[in-house]
Amino acid sequence: QNIRKVFVYLVADDFAELFLFLGAMMLGLPLPLVAAQILWINLVEDGFPSIALTAEQETQGVMDEKPRSPKESLLNRPMKLWMSVIFCVTGLAAFLLFYFFLKTTGDLERTRTILFGLVCVDSLLFAFCVRSFRQSIFRRSIFSNRYLAAGTGISMALLVLAIYLPPLQKLLSTQAISWGDWLLIFAIAFVEIILIELFKKRLFGRVRA
């Protein structure tokens, strides 16, 4: 199950970036993120949570589940459908943010920085969604995996440094953003998580709080 969680987390997350780039290319827009930002997202922001997910110890309701067939593939149908939902929801949200800010401000570096922040934040929040295919993210034991909580905290701190620390600004082509920008980033990410959780409940059955 943990192998499945890590696989879903990494693949669905990366395919959302693919959606973003394909949309920008089709409309003849500049690249939404530079190479250094993509590398940072894949190594730093996704790295710590994916490692922490291998230590997930989900026990609630395990004995109530039907035995899995030994012939079942790594990804079953509900997982594939859920990954498609994540791909569309997070990819579309990122693309609309990029398109809106680029067209209204004309500031490509600021737009990329805000998009960079959104992709990182929704990736970190999504790690808590994928902790369980049957339990909701909105539960009392949300931080019971202390490795994931610590990894997410470290990744978030590194994201802040990537946006505000001058040497990293130069390396990653970022710039300081306002509190209003952060509020927008977290608001969009929260809506994404709500939609992802609703589809998780529909695809995997009743999601326990």
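Note that the structure is predicted; figures quoted are calculated from it, not measured. (Residues numbered from 1 in each chain as written. Predicted model: local features only at pLDDT ≥ 70, side-chain atom pairs only at ≥ 80, totals over all residues. Heavy atoms only, no water.)

Caption draft 1: Representation of the side chain of Ser 155. Secondary-structure assignment places Ser 155 in helix 6 (residues 146-164). A relative accessible area of 0% means that Ser 155 is categorised as buried. When near neighbours in sequence (up to four residues on either side) are disregarded, Ser 155 contacts Val 44, Glu 45, Phe 48, Pro 49 and Leu 124. (Helix = DSSP H or I, 4+ residues; strand = E, 2+ residues; numbered from the N terminus. Buried < 20%, exposed > 50% of the residue type's maximum accessible area, 1.4 Å probe, protein only. Contact = heavy atoms within 4.5 Å.)

Caption draft 2: The side chain of Asp 181, seen in detail. Checked against the element boundaries, Asp 181 lands in helix 8 (residues 179-204). Overall, Asp 181 belongs to the buried group, its relative accessible area being 5%. A polar atom in the side chain of Asp 181 sits 2.9 Å from the side chain of Arg 110. Beyond its immediate stretch of four places on either side in the chain, Asp 181 contacts Phe 101, Arg 110 and Ile 114. (Polar contact = N/O pair within 3.5 Å; in protein donor to acceptor, adjacent residues only side chain to side chain.)

Caption draft 3: Representation of the packing of helix 2 (residues 35-45) against helix 6 within the structure. Where helix 2 meets helix 6, the axes come as close as 10 Å, and the angle between the chain directions of the two elements is 155°. Between helix 2 and helix 6, the interaxial angle falls into the category roughly antiparallel. Our pair here, helix 2 against helix 6, has a crossing hand that is right-handed. Facing Trp 40, Val 44 and Glu 45 of helix 2, the residues of helix 6 in contact are Ser 155, Met 156, Leu 158, Leu 159 and Ala 162. Class assignment for the residues of the contact of helix 2 with helix 6 results in 6 nonpolar, 1 polar and 1 charged. (Axes fitted to C-alpha atoms, helices over the stretch in contact; angles between N-to-C directions. Parallel < 35°, antiparallel > 145°, perpendicular 65-115°, else oblique. Left-handed = near helix turned anticlockwise from the far one by under 90°. Nonpolar A, V, L, I, M, F, W, Y, C, P; charged D, E, K, R; others polar.)

Caption draft 4: Region of interest: the pattern of salt bridges. Under the definition given, this model contains 2 salt bridges. As a salt-bridge pair, Asp 181 and Arg 110 come within 2.9 Å of each other at their nearest N and O atoms. Of this pair, Asp 181 sits in helix 8 while Arg 110 sits in helix 5 (residues 108-129), and the two are 71 residues apart along the sequence. For Arg 110, a relative accessible area of 22% gives the class partly exposed. A salt bridge links Glu 197 to Lys 200; the shortest N-O distance between them is 3.0 Å. Of this pair, Glu 197 and Lys 200 both sit in helix 8, 3 residues apart, which is roughly one turn of the helix. Like Lys 200, Glu 197 is buried. (Salt bridge = Lys/Arg side-chain N within 4 Å of Asp/Glu carboxyl O.)

Caption draft 5: Just the packing of aromatic side chains, in detail. Applying the stated criterion across every chain, the model contains 9 aromatic pairs. Taking the centre distance of 5.7 Å and the plane angle of 25° together, the rings of Tyr 9 and Phe 126 count as stacked. One end of the pair, Tyr 9, is in helix 1 (residues 2-26); the other, Phe 126, is in helix 5, with 117 residues separating them in the sequence. For the pair shown, Tyr 9 and Phe 126 are each scored as buried. One aromatic cluster in this structure is built from Tyr 9, Trp 82, Phe 126, Phe 133 and Phe 204. (Phe/Tyr/Trp six-rings, centres within 6.5 Å; stacked < 30°, edge-to-face > 60°.)

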